[in-house]
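# Tertiary structure, described
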Amino acid sequence: MAEERIQKIMAEQGLCSRRAAEQIIAEGRVKVNGHPVKVGDKMDPNRDVLHVDDERIYIKKDQQLYYLALYKPRGYVTTASDELGRKTVMELVSDIPARLYPVGRLDKDSEGLLLMTNDGAFAQAVTHPSGGISKLYRVTVQPRADESQILKLSSGVVLDDGTKTMPCAINVVTDEPGRTVMEMTLKEGKNREIRRMCETVGLEVVRLKRNAEGVVKLGMLKPGTYRELTKAEINGLRAAAAKGRAQTRSAALQSKAAERRPRGPVGKGTQKKR
């Protein structure tokens, strides 16, 4: 069998996402045949021996793949394990006979739709920044958000780390003294992004719920329960991710082409004075 990148094998085995695997490798926690490896190194899954954190990983062939939509309740952290002893989303899918991991994240105080899978390639496609899959959130803030604050949020704001958020769509659901309920649609996933956006314009998020990610809707799921994604939903997410990557590549090519264009007046030259 041909050699494959180690981070790809780790993701396919359900150990973690591909990006997380790259981080684990970079930290020196991965060995092949007893030797530390670097990001980008390859191995033969049929011949070589893989260890992660000194634990041998037995590579399974043709494992069953799972794609779940989970309603993450508030109070759960989106990690495989937590050194502080907090409840993790893994407890909610413990009956699945595979090692799943979250696709993306929701912070401890947020709730709603969270995708779970053991398909590393799928997770990589859905979460990659170039994919740009839209996510719909229902956000309650206090005090009441005025028109200027909503305009700033929708146009993009500069966060505490100096980065600027992409424009987003905002629909006001409830507008009353003391609070505003909004539906916000984002295409990026910075850490605690919506909370930080709102803080920037002087608003506090008191409730945040993700209702949809691409074609997948939270629907009637109850907190702490999950369902399997349909084939149409899986294919829809893959198609959206592929479209996003294509648009990103096209924009990058257009930007490079613009940089190569000559600047200044175009012509044979300035006419001589008579």
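Going by the structure above, here's the rest.
Presented here is a report on the structure given in the accompanying data block. Not measured: the values here are computed from a predicted model.

With that settled, the discussion passes to the overall build of the protein chain. Each helix and strand counted, the protein chain has 6 helices and 15 strands in total. Relative to its full complement of 274 residues, the protein chain shows a buried share of 41%. The contacts in the protein chain between residues at least 6 apart in sequence include a share of 64% that link residues at least 24 apart.

As a further point, take unusual backbone geometry. Trans is the prevailing form of peptide bonds, just as negative phi is the prevailing case for residues other than glycine. Residue Gln142 is joined to Pro143 through a cis peptide bond whose omega torsion reads -5°. Its place among the elements puts Pro143 in the loop between β10 (135-142) and α4 (147-155). Unlike most non-glycine residues, Asn33 shows phi in positive territory, near 55°. Positioned with a positive phi, Asp54 is a non-glycine residue whose angle comes to about 65°. Residue position: Asp54 is located in the loop between β5 (50-52) and β6 (55-57).

Here the focus is the pairing of strand β11 (residues 169-176). Two elements, β11 and strand β12 (residues 179-186), share 7 bridges in a ladder whose sense is antiparallel. Each residue of the ladder has a partner; that of Thr174, found in β12, is Val181. Where β11 folds back on β12, the antiparallel hairpin that results is connected by 2 residues, among which Gly178 adopts a positive phi of roughly 95°.

Our focus in this paragraph is the side chain of Glu233. Positionally, Glu233 belongs in helix α6 (residues 231-260). Not counting chain neighbours up to four residues away, the residues in contact with Glu233 comprise Val215, Val216 and Arg227.

Taken in spatial order, the 4 strands make up an open sheet running β3-β2-β5-β6, and their pairing is antiparallel. One side of each edge strand has no neighbouring strand; the edge strands of this open sheet are β3 (35-36) and β6. Judged from the 2 bridges that link them, strand β2 (residues 30-32) and β3 form a sheet pairing that is antiparallel. By the bridge assignment for β3, Val32 is matched with His35.

Another aspect to go through is the side chain of Thr180. Structurally, Thr180 can be placed in strand β12. The exposure class assigned to Thr180 is buried, which follows from its relative accessible area of 1%. Polar side-chain contacts of Thr180 include one of 2.8 Å to the backbone nitrogen of Ala145.

The next point concerns helix α2 (residues 18-26). Those residues of α2 that sit buried are Ala21, Ile24 and Ile25. Each buried residue of α2 lies within a common arc of 100° when the element is viewed along its axis, so the set occupies one face. Summarising the contacts, the buried residues of α2 are in contact with α1 (6-12), β2 and β5. In the segment just after α2, Gly28 is the residue with positive phi, at about 80°.

This next bit is on the pairing of strand β7 (residues 67-72). When a strand is regular, its side chains alternate between the sheet's two faces. Counting buried positions along β7 gives 6 out of 6 residues, so the element sits mostly inside the fold. Side-chain alternation along β7 places Tyr67, Ala69 and Tyr71 on one buried face and Leu68, Leu70 and Lys72 on a second face that is also buried. Here 6 bridges tie β7 to strand β9 (residues 111-117), and the two strands are oriented antiparallel to one another. Bridge assignment links Tyr67 to a residue of β9, and that residue is Thr117. Both β7 and strand β15 (residues 226-228) contribute to a ladder of 3 bridges, which runs antiparallel. Each residue of the ladder has a partner; that of Leu70, found in β15, is Tyr226.

Under the definition given, this model contains 17 salt bridges. Here Glu3 and Arg47 are joined by a salt bridge, their closest N and O atoms 3.7 Å apart. Taken together, the positions of Glu3 in the segment before β1 (4-5) and Arg47 in the loop between β4 (42-43) and β5 put the pair 44 residues apart, joining distant regions of the chain. The closest approach of N and O atoms between Glu27 and Arg29, which form a salt bridge, is 2.8 Å. Because the salt bridges share partners, they merge into one network encompassing Glu3, Asp44, Arg47 and Asp48.

Time to look at the environment of Leu136. With respect to the secondary-structure elements, Leu136 resides in strand β10. Here Leu136 falls in the partly exposed class, since its relative accessible area comes to 27%. Not counting chain neighbours up to four residues away, the residues in contact with Leu136 comprise Glu183, Met184, Thr185, Lys209, Arg210, Asn211 and Ala212.

Thresholds, definitions, all that
- Residues numbered from 1 in each chain as written.
- Predicted model: local features only at pLDDT ≥ 70, side-chain atom pairs only at ≥ 80, totals over all residues.
- Heavy atoms only, no water.
- Helix = DSSP H or I, 4+ residues; strand = E, 2+ residues; numbered from the N terminus.
- Buried < 20%, exposed > 50% of the residue type's maximum accessible area, 1.4 Å probe, protein only.
- Contact = heavy atoms within 4.5 Å.
- Pairing = 2+ DSSP bridges.
- Polar contact = N/O pair within 3.5 Å; in protein donor to acceptor, adjacent residues only side chain to side chain.
- Arc of directions from axis to C-beta.
- Salt bridge = Lys/Arg side-chain N within 4 Å of Asp/Glu carboxyl O.

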